[in-house]
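The residues making up each chain are set out below.
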Amino acid sequence: WGFEGLIRSLELTYGRHGWHPHTHELWFVDKRVDAGALGGEVLKRWKAVCRRAGLLKHGETGFDEHAVDVKGWCSASDYLAKQDDSQHWGADREVSKGGAKSGKGIHPFGLLRRSMDGCERSGGLFVRYARAMQGARQIFWTHGLKARVGLQDQDDQEIAEEQREKAQVLGRLWPADWRLIRGQGYRAQVLEAAEDGGWPAVQALLE
């Protein structure tokens, strides 16, 4: 397959069947690789591993349809797995910003938002998540891959000292406005309106 390395993010969501741990992975392989063929091989190996671990019994249905999803030639405008309310949710954000997405399950920080609205059960689930995930690495790069693509890690002090472009304040949202935006799934549209037409466009969208 000409495998050169991967970037993998670990994500947990909570749904009807409880916790759903899964990964989103960007694989760097030979450009001639067929995604369907690679997906079949990954599925075969993943299935064998799950059986050895006692997670899957022979004859169980549904595994092949939901266990592995491989897409080829992913760019920043492609979806890797779930679809968010944003038309711009692509491979880059799928890997790096799982906490901001919406989908079939709810992300732990969605549980935290619900707890702030008074749901004690959601608060308890978030605490369970926080304890279980403390110290866990949620984004992993194959050793040496960052150097090959010209990236350098920065420590907290270097990031704090880095000169960044100052933000421009366009306006301020009331809490009721933000609840409306969240409730309608319009976060991406608000950002697009601000970029295209400034604060008047955001106000028009809210109205």
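Residues numbered from 1 in each chain as written. Predicted model: local features only at pLDDT ≥ 70, side-chain atom pairs only at ≥ 80, totals over all residues. Heavy atoms only, no water.

Attention now goes to the packing of aromatic side chains. Applying the stated criterion to the full structure yields five aromatic pairs. Aromatic ring contacts, followed pair by pair, group Tyr 14, Trp 19, Phe 109, Phe 126 and Tyr 129 into a single cluster. (Phe/Tyr/Trp six-rings, centres within 6.5 Å; stacked < 30°, edge-to-face > 60°.)

Now for the sheet that holds strand 1 (residues 5–15). In space, the three strands of this open sheet follow the order 2-1-3, with antiparallel pairing throughout. Each edge of the open sheet carries a strand with a single partner, namely strand 2 (18–28) and strand 3 (139–141). On average, adjacent strands in this sheet sit at an angle of 20 degrees to one another, irrespective of strand direction. Two strands pair when backbone bridges link them, and strand 1 and strand 3 are joined in this way by three bridges, in the antiparallel orientation. By the bridge assignment, Ser 9 is partnered in strand 3 with Ile 139. Along the sheet face, helix 5 (residues 120–133) touches strand 1 and strand 2 and points at about 150 degrees away from the line of strand 1. (Pairing = 2+ DSSP bridges. Helix = DSSP H or I, 4+ residues; strand = E, 2+ residues; numbered from the N terminus. Axes fitted to C-alpha atoms, helices over the stretch in contact; angles between N-to-C directions. Contact = heavy atoms within 4.5 Å.)

Grouped together as the largest cluster of nonpolar side chains are eight residues: Leu 12, Tyr 14, Ile 106, Leu 111, Leu 125, Phe 126, Tyr 129 and Met 133. Contributing elements (two or more residues each) for this core: strand 1 and helix 5. Per-element accounting of this core gives the leading share, four residues, to helix 5. Apart from residues no more than four positions distant in its own chain, Leu 12 is found in contact with Trp 19, His 20, Pro 21, His 107, Pro 108, Tyr 129 and Met 133. (Core = buried A, V, L, I, M, F, W, Y, C linked by side-chain atoms within 4.5 Å. Buried < 20%, exposed > 50% of the residue type's maximum accessible area, 1.4 Å probe, protein only.)

So, about a negative patch on the surface. Judged by side-chain charge, Asp 155, Asp 156, Glu 158 and Glu 161 come together as a negatively charged surface patch. Of note, Glu 158 is situated in helix 7 (residues 156–161). (Patch = residues over 30% accessible without salt bridge, like charges linked within 9 Å, V, L, I, M, F, W, Y side chains within 5 Å. Areas by Shrake-Rupley, 256 points an atom, 1.4 Å probe, with all protein chains shown as cover. Salt bridge = Lys/Arg side-chain N within 4 Å of Asp/Glu carboxyl O. Lys, Arg positive; Asp, Glu negative; His and termini not counted. Charge placed at Lys NZ, Arg CZ, Asp CG, Glu CD.)

Right, let's talk about the pattern of salt bridges for a bit. According to the stated counting rule, one finds six salt bridges in the structure shown. Residues Lys 44 and Glu 41 are paired through a salt bridge, measuring 3.3 Å at the closest nitrogen-oxygen approach. Residue Lys 44 and its partner Glu 41 are both found in helix 1 (residues 35–52); the two are separated by three residues, about one turn of the helix. Across the pair Asp 69 and Lys 71 runs a salt bridge whose closest N-O atoms are separated by 2.7 Å. Through salt bridges with shared partners, a single network forms among Glu 41, Lys 44 and Arg 45.

Looking now at the pairing of strand 1. With eight of eleven residues buried, strand 1 lies mostly within the body of the structure. Relative to strand 2, strand 1 runs antiparallel, the two sharing eleven bridges. Considered in strand 2, the bridge of Glu 11 is made with His 22. Taking the residues between adjacent antiparallel strands as the criterion, strand 1 and strand 2 are bridged by two residues.

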